[in-house]
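So the chains spell out like this:
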Amino acid sequence: MPELPEVDTIVRTLRPDLTGAEILAADVRWTRTLATPSAKKFKEQIRGQKILHVARRAKFIHIILSADSLFVHLRMSGDLFIKEGGYKPGKHDRLLLDLSAPRSENFKLVFNDARKFGRVWLTDDPDLVVGGLGPEPLSDEFTPQWLYENLRAHNRRLKPLLLDQAFLAGLGNIYTDESLHMARLHPLTASASVSRAQAARLYEAIRAVLTEGIRRNGASIDWAYRGGEFQNYFRVYDRAGRPCPVCGTQIQRLVVGQRGTHICPKCQTWKRQP
DNA sequence: CACGAGACCTGTTCGC
DNA sequence: TGCGAACAGGTCTCGT
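Because the structure is a prediction, the values reported are computed rather than measured. (Residues numbered from 1 in each chain as written. Chains lettered and ligands numbered in written order. Predicted model: local features only at pLDDT ≥ 70, side-chain atom pairs only at ≥ 80, totals over all residues. Heavy atoms only, no water.)

1. Digging into helix 2 (residues 39-46)
Applied cut-off: Throughout, exposure labels follow a simple rule: accessible area from a 1.4 Å probe, protein chains only, divided by the maximum for the residue type, with under 20% read as buried, over 50% as exposed, and the rest as partly exposed. Numbering of helices and strands runs from the N terminus, with a helix taken as a DSSP run of H or I at least four residues long and a strand as a DSSP run of E at least two residues long. In this context, the arc is that of the directions from the helix axis out to the C-beta atoms.
Within helix 2, the full set of buried residues consists of Ala39, Phe42 and Ile46. The buried residues of helix 2 occupy one face: seen down the axis, they fall within an arc of 60 degrees. Gly48, located one to two residues past helix 2, shows a positive phi value of around 90 degrees.

Structure below.
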């Protein structure tokens, strides 16, 4: 569910409460939620550590502790909540941390994840988790020139390449469809065929779409989400059969790389490679 | 290297 | 109303 803007929103929401808190205990309710280490080691190792900072890297929530890094990836259905100290675990709560803060009651950080795809890592080596990721699309490292050169360096279709976190880190299904539409590029376009001008358009579109997503506190579909409202501004995502906001043509749904994909067939044309 | 299929999971929505 | 199929914001692994 959550892509870069949604994760960013969660991080901004949690940061004030979590920063400075001490972890008193961990309750692991679904063992496979832990990517590493084992539940036993996790509980021993995390107890007593303080939360120094809460950050985001791509779609990972990065909680910097006194001695380790705690990473959370929400995958499709994960979410993180703050609950009061007396909170009792609900059906889909997979991991709970008991916390104490200097000038407030004890509270809990709850990882809730209906589909159990989400994962948590506790490690002293961040590269073990995020070392293989591509650049952050909102960082200075990501430039039109970088995008042009690296699109040309692969021979892949645009959409699966943009979804590849080792290529560029943070886009998911929604923001990829939105970016491609804004850039007027078809998701099946061969990356190596993209011109400088098209790459520049795609660069601007990715930055614009992610920035707007963050400004609107992400998109809220199915789950109530920090008041996010980007879902009200989708151009094509989940809008099959409705008019393209640019030209009015009916938006089509197709499948690319096994992902539902939404395009305007008039704005986003595609010349099959000879 | 690129790609499709299947796996991992549960819940909701859609069509009959 | 019931019931199975299709689908869902993500990523990994395997075979071609």
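Structure's up, so let's keep going.
2. Considerations on the sheet that holds strand 4 (residues 60-65)
What counts here: A pair of strands is labelled paired if DSSP reports no fewer than 2 bridges between them. For helices, the axis comes from a line fit to the C-alpha atoms of the stretch in contact; other axes are also lines fit to C-alpha atoms, and the angle between any two N-to-C directions lies between 0 and 180 degrees. Pairs of residues are marked as contacts when any of their non-hydrogen atoms sit within 4.5 Å.
On the basis of which strands lie adjacent, the open sheet formed by 5 strands has the order 2-9-5-4-3 and mixed pairing. Of all the strands in the sheet, just strand 2 (34-36) and strand 3 (51-57) have a single pairing partner and so form its edges. The average angle at which neighbouring strand axes cross in this sheet is 20 degrees, direction not considered. Examined bridge by bridge, strand 3 and strand 4 share 6 bridges and lie antiparallel to one another. In the sheet register, Arg57 faces strand 4, and the bridge partner there is Phe60. Contacting strand 3 and strand 4, helix 1 (residues 4-18) runs over the sheet at an angle of about 170 degrees to strand 3. Against the sheet, helix 2 makes contact with strand 2, strand 4, strand 5 (69-73) and strand 9 (119-123), and its axis sits at roughly 55 degrees relative to strand 9, the strand it touches most.

3. Some thoughts on the nonpolar core
Defined as follows: Among buried residues, those of type Ala, Val, Leu, Ile, Met, Phe, Trp, Tyr and Cys that are joined through side-chain atoms within 4.5 Å constitute a nonpolar core.
One finds Leu18, Phe42, Ile46, Ile61, Ile63, Leu70 and Leu80 to be the most contacted residues of the largest nonpolar core, which totals 31 residues. If you tally residues by element for this core, the top one is helix 1, at 5 residues. Those residues within four positions of Ile61 in sequence are excluded, and the remaining contacts are Val7, Ile10, Val11, Val54, Ala55, Leu70, Phe71, Val72, Leu74 and Leu80. Residues Leu161, Tyr203, Ile214 and Phe234 belong to the second largest nonpolar core, which totals 30 residues.

4. What about empty space enclosed by the protein?
Remark: the empty space left among the atoms is shown by a probe the size of a water molecule rolled over them. Applicable threshold: Grid points spaced at 1 Å over the protein atoms alone were grouped into cavities, where a 1.4 Å probe fits but cannot get out, and pockets, open sets with protein on both sides within 12 Å along at least five of seven lines, with lining residues defined by an atom within 4 Å of a point. Grid points are joined across faces, edges and corners, and a volume is the space filled by probe spheres set on the points. Three classes are used: nonpolar for Ala, Val, Leu, Ile, Met, Phe, Trp, Tyr, Cys and Pro, charged for Asp, Glu, Lys and Arg, and polar for all others, with Gly counted as polar.
In total, this model carries 1 cavity of 30 Å³ or more according to the counting rule given. What lines the largest cavity is simply Leu70, Val72, Leu80, Leu95, Leu97, Leu109, Val110, Phe111 and Val120. Of all elements in the fold, only strand 5, strand 7 (93-100) and strand 8 (107-113) reach the threshold of two or more residues within the lining of the largest cavity. No other element matches the 3 residues that strand 8 contributes to the lining of the largest cavity. Here the residues of the lining of the largest cavity sort into 9 nonpolar, no polar and no charged.

5. Examining helix 6 (residues 173-182)
Most of helix 6 is tucked away: 9 of the 10 residues are buried. For helix 6, every residue scored as buried is listed here: Asn173, Ile174, Tyr175, Thr176, Asp177, Glu178, Ser179, Leu180 and His181. Summarising the contacts, the buried residues of helix 6 are in contact with helix 1, helix 5 (158-163), helix 7 (196-215) and strand 11 (259-263). Downstream of helix 6 by a residue or two, Arg184 has a phi angle that is positive, lying close to 60 degrees.

6. Notes on the environment of Arg119
Selection criterion: Under this definition, polar contacts are N or O atom pairs within 3.5 Å; protein pairs additionally need one hydrogen-donor-capable and one acceptor-capable atom, and for neighbouring residues in sequence, both atoms have to be side-chain atoms.
Along the chain, the position of Arg119 falls in strand 9. Classification of Arg119 as buried rests on a relative accessible area of 18%. For the pair Arg119 and Phe71, spaced 48 residues apart in sequence, the C-alpha to C-alpha distance is 8.2 Å. Those residues in contact with Arg119 that sit more than four places away from it in its chain are Arg32, Thr33, Ala35, Phe71, Val72, His73, Arg75 and Phe111. Side-chain polar atoms of Arg119 contact the backbone oxygen of Lys116, separated by 3.1 Å.

7. Some remarks on the sheet that holds strand 8
Here 4 strands make up an open sheet; going across it, the order is 1-7-8-6 and the pairing antiparallel. Only two strands of the sheet have a single partner each, and these edge strands are strand 1 (22-28) and strand 6 (78-84). Direction aside, neighbouring strands of the sheet carry axes that sit 20 degrees apart on average. Packing of helix 1 onto the sheet brings it into contact with strand 6, strand 7 and strand 8, and relative to strand 6 it is tilted by some 30 degrees. Across the sheet, helix 2 touches strand 1 and strand 7, and the angle it forms with strand 1 is around 165 degrees.

Purely geometric stuff here, so don't read any function into it on its own.
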